[in-house]
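Geometric and topological summary
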Amino acid sequence: MEWPRTPVNRLQDFRPRFCPRRNCRYHIRSKGFRYRKHASYSTVRGVKIPRFRCLGCGSTFSRRAFSLAYYRKRPELLRPVAAGLQAGSAHRQLARTLGCAPSTVTRISALLGRHSLLLLRRALAELEGQLGEDIVLDHFETFELTQDLPFGVATAVGAQSWFVYGIDPAPHARTGRRTRHQERRRKQRPRRQTRGGYVGSTARTLDRLLPLKPPDRRLKILGDGHPAYDRAVQQHARSNEIELERYPNPPRGPRGSPRSPRAVARDRAMFPVDLLHGLLRHSLAAHKRETIAFGRRLNAIVERLFLVAIWRNFVKGVSERRRDPTTPAMRLGLTDRPWKWERVLGRRLFPDREGLAGVWLDLYRRDWITPDLPSNTRHRRRFTY
Ligand SMILES: [Zn+2]
């Protein structure tokens, strides 16, 4: 995968390869793009930043338009916020440590989530037609705002590489026992969009996985016994190209009692996704059981999950215990070394150029709103979109 080793904002001889303006015909199409050097400016710290003029649309832009520091008052915060969020810190905690406003951390967190989503999308484009492993699929359960508003997140993980291929939310009704008061309160809440719930999010995950498999191979999914997986596969237009192997959760005795052979087989098959869910619960304060640091909106929670997915795929070695720094992205041949956060954040990605569509585009634009909350800020920027 082509990705700068030196962050764009530190490159000595940076040359733009397309126009950063969305309305320019050379934004998506790089062929025929021409530019002129257009002087430079110096930052407060005395760093000289080159400027360019696009000969297609005539607009001028600087090198910064291609880095995540673009329009950021405190770009130096991006890296520590990414590391802190991954380590499970809450926004206020991070703001106190870094000496900035909590709202700054919240905004950076959203930016990091969007960037991670685009980076995952770019990695998937790179892997098209090359999938050589089974995919373990399971839903990670959490909630937005209150336990009345639960949702699952479809997580697709490579059986051998442990690469996180996909994340897709599936809001569903609250289950389990509740008091009459809880039930009355639940019924008064505005209706959420479910977008097909479990079946919908599974189908969308399949849609993202199918282009990755070689044409002559079937996509093999390992899942637990959730009926939504059967239905999503049966209803899929390309169901004959998908093979679903089910490992239903067998009944288990009390903690510490020996596992039945079926339980052992299930645990072995589902291990990569169980491991990911463990990492998610461990590294996100919002997903620890019985927490008070819960996420307030689905869109923001999912942004944070994308960030963890990128950390899992590109930064974290497969085993810290055995000191194996090999990352899932290295196992897939996307890169030859583990990335530091600085490299993850080394350049800016543009949604129009990555061909974002469907639910991932909605998540990018923050269009998946939480109707219980009075305000839902969408992501609509002219230059920093
Ligand atoms: Zn242009």
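As a reminder, the structure under discussion sits directly above these lines.
If you're wondering where the values come from, they're calculated on a predicted model, not measured in any experiment. (Residues numbered from 1 in each chain as written. Predicted model: local features only at pLDDT ≥ 70, side-chain atom pairs only at ≥ 80, totals over all residues. Heavy atoms only, no water.)

**A word on the coordination of the zinc ion**
At the metal site, the zinc ion is ligated by Cys19 (SG), Cys24 (SG), Cys54 (SG) and Cys57 (SG), and these contacts range over 2.3 to 2.4 Å. What the 4 donor atoms of the zinc ion show is an angle range of 108 to 112° at the metal, which sorts the shape as tetrahedral. Each donor residue of the zinc ion belongs to the same chain, with the gaps between them written as C-x4-C-x29-C-x2-C. Taken as a pair, Cys24 in the segment before β1 (35–42) and Cys54 in strand β2 (residues 48–54) lie far apart in primary sequence, 30 residues in all. (Donors = N, O, S within 2.8 Å, 3.2 Å for Na, K, Ca; no water. Tetrahedral: all angles 85-135°; square planar, octahedral: opposite > 155°, others 65-115°. Helix = DSSP H or I, 4+ residues; strand = E, 2+ residues; numbered from the N terminus.)

**A word on the sheet that holds strand β6 (residues 164–171)**
Sheets are built from strands that pair by backbone hydrogen bonding, the pairs being arranged parallel or antiparallel. In space, the 5 strands of this open sheet follow the order β6-β5-β4-β7-β8, with mixed pairing throughout. The open sheet has two edge strands, β6 and β8 (242–246), and neither has a second partner. Within the sheet, the average angular offset between the axes of one strand and its neighbour, ignoring direction, is 25°. Here 3 bridges tie strand β4 (residues 135–143) to strand β7 (residues 219–223), and the two strands are oriented parallel to one another. Pairing of Ile135 across the sheet is with Ile221, part of β7. The strands touched by helix α8 (residues 298–315) are β4, β5 (150–158) and β6; relative to β6, the strand with the most contacts, the crossing angle is about 165°. (Pairing = 2+ DSSP bridges. Axes fitted to C-alpha atoms, helices over the stretch in contact; angles between N-to-C directions. Contact = heavy atoms within 4.5 Å.)

**With respect to the packing of helix α2 (residues 91–98) against helix α3 (residues 102–126)**
Axis separation between α2 and α3 bottoms out at 8 Å; the angle between their running directions is 115°. As far as their axial angle goes, α3 and α2 are roughly perpendicular. The hand of the α2/α3 crossing is right-handed. On α3, the residues touching His91, Arg92, Leu94 and Ala95 of α2 are Pro102, Val105, Thr106 and Ser109. Of the residues contributing to the contact of α2 with α3, the split by class is 4 nonpolar, 3 polar and 1 charged. (Parallel < 35°, antiparallel > 145°, perpendicular 65-115°, else oblique. Left-handed = near helix turned anticlockwise from the far one by under 90°. Nonpolar A, V, L, I, M, F, W, Y, C, P; charged D, E, K, R; others polar.)

**Describing the side chain of Asp224**
For Asp224, the position within the fold is in the loop between β7 and α6 (227–235). Buried and unpaired, Asp224 has Arg266 as its nearest opposite-charge partner, separated by 5.3 Å. A polar side-chain atom of Asp224 sits 3.0 Å from the main-chain amide nitrogen of His226. Discounting chain neighbours no more than four positions away, the residues touching Asp224 are Leu137, Asp138, Tyr229, Arg246, Tyr247, Pro248, Asn249 and Met270. (Buried < 20%, exposed > 50% of the residue type's maximum accessible area, 1.4 Å probe, protein only. Lys, Arg positive; Asp, Glu negative; His and termini not counted. Salt bridge = Lys/Arg side-chain N within 4 Å of Asp/Glu carboxyl O. Polar contact = N/O pair within 3.5 Å; in protein donor to acceptor, adjacent residues only side chain to side chain.)

**Here we look at the pairing of β8**
Sheet topology places β7 next to β8; 5 bridges connect them, and they run parallel. The partner of Leu219 across the bridge, within β8, is Ile242. Crossover handedness for the path β7 to α6 to β8: right-handed. (Right-handed = clockwise from strand over helix to strand, strands pointing away.)

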